[in-house]
Amino acid sequence: MVLHTNPLPTNPGVEPAALAADEWLRPEWDRAALLTIDTQVDFIEGGAMPVAGTAAVLPAMAGLVAAFRAAGRPIVHVVRLHDGPDVDLARRTLLDGGAPIARPGTPGAEPAPQIVPPGAPGVDADALLKGGFQPLGPGEWAMWKPRWGAFHRTGLEDFLRERGVTTVVVAGCNFPNCPRAAIFGASERDFRVVAAADAISGVDGRHLEEAARIGALHAPAAVIAAAVRR
């Protein structure tokens, strides 16, 4: 098994060898779904809890989202909504103190406008907090997660299985926290996993190497977009 841990070539016309190295890891692009993780206004520079570098990866994320839309592949925008005590212990003191971070009904809780479809409705916090998947456009939904991982205490696995998804592409905000948890969660549920290396803020080569150790491959967003569009 060959796992590449260095940044992959950016030529979108050639599928990198790392994406086809192992039959059990090889992405099945015609059965792929895109997860955007916590890419919300409050977590972008200028927001209530900004994560450095998130604004810089938005163009790559937008290109990736556009490719999945064009290919008719599912897109799930995974969001945080902080309403009450159902939150990670590491954030509880901050939120108990009234920090205005991703509060339901506030502009900061909305996904970045660059990644949602034109005319998409605002986040329906009531529906999401009940575990629903809110349609934002054809083949595109928002969902809420109560903890770091997108699969923890959510219906995401079943939602993807019902749509025939075998491959999960992860993009989003702040790799050390929620994108990492999404990658591990997808892997342990036997999804094939690809991290969009230049469409995740807070990521570095060490993170990609660690993900590769559990079979999660990585490639630039342009390479993934070209593969999905084929």
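Not measured: the values here are computed from a predicted model.

## Thoughts on the nonpolar core
Looking at soluble globular proteins, one finds that nonpolar side chains tend to be buried together.
And step 1. Ranked by size, the top nonpolar core spans 37 residues in total, and within it L64, F68, V169 and I224 carry the most contacts.
And step 2. For this core, the secondary-structure elements that each account for two or more residues are β1 (32–37), α1 (54–71), β2 (75–79), α3 (125–129), β4 (140–144), β5 (167–172), β6 (192–200) and α7 (221–229).
And step 3. Of all the elements, α1 adds the most residues to this core, at 8 residues.
And step 4. Discounting residues that sit within four places of it in the chain, L64 has contacts with L34, V169, A171, A196, A199, A221, I224 and A225.

## A few points about the pattern of salt bridges
And step 1. What the rule picks out here adds up to 14 salt bridges.
And step 2. As a salt-bridge pair, K145 and D38 come within 3.2 Å of each other at their nearest N and O atoms. Linking K145 in the loop between β4 and α4 (156–162) with D38 in the loop between β1 and α1, this pair joins segments that are 107 residues apart in sequence. D38 carries the same exposure label as K145, and that label is buried.
And step 3. Between R189 and E188 there is a salt bridge; the shortest N-O distance is 3.4 Å.

## Considerations on the side chain of E140
And step 1. Turning to its location among the elements, E140 is positioned in strand β4.
And step 2. A polar side-chain atom of E140 sits 2.7 Å from a polar atom in the side chain of R69.
And step 3. Each residue touching E140, except ones within four places of it in the same chain, is listed here: V65, R69, I75, H77, I115, V116, P117, Q134 and P135.

## Comments concerning the sheet that holds β6
And step 1. Pairing is mixed in the open sheet, where 7 strands are placed in the order β3-β4-β2-β1-β5-β6-β7. Edge strands, defined here as strands with exactly one partner in the open sheet, are β3 (134–137) and β7 (217–219). Across the sheet, the axes of successive neighbouring strands diverge by a mean angle of 25 degrees, strand direction being ignored.
And step 2. The pairing of β1 with β2 spans 4 bridges and is parallel. Bridge assignment links T36 to a residue of β2, and that residue is H77.

## Considering helix α6 (residues 205–212)
An α-helix turns once per 3.6 residues; consequently, residues spaced three or four apart project the same way.
And step 1. Buried residues of α6: H207, L208, A211 and A212, and no others. With its buried residues spanning 140 degrees around the axis, α6 presents them on a single face.
And step 2. Residues of α6 that are buried sit in contact with α5 (178–188), β6 and β7.
And step 3. Two to three positions downstream of the cap, the backbone nitrogen of R206 sits 3.0 Å from a side-chain oxygen, assigning the N-cap of α6 to D204.

About the criteria used
Residues numbered from 1 in each chain as written. Predicted model: local features only at pLDDT ≥ 70, side-chain atom pairs only at ≥ 80, totals over all residues. Heavy atoms only, no water. Core = buried A, V, L, I, M, F, W, Y, C linked by side-chain atoms within 4.5 Å. Buried < 20%, exposed > 50% of the residue type's maximum accessible area, 1.4 Å probe, protein only. Helix = DSSP H or I, 4+ residues; strand = E, 2+ residues; numbered from the N terminus. Contact = heavy atoms within 4.5 Å. Salt bridge = Lys/Arg side-chain N within 4 Å of Asp/Glu carboxyl O. Polar contact = N/O pair within 3.5 Å; in protein donor to acceptor, adjacent residues only side chain to side chain. Pairing = 2+ DSSP bridges. Axes fitted to C-alpha atoms, helices over the stretch in contact; angles between N-to-C directions. Arc of directions from axis to C-beta.

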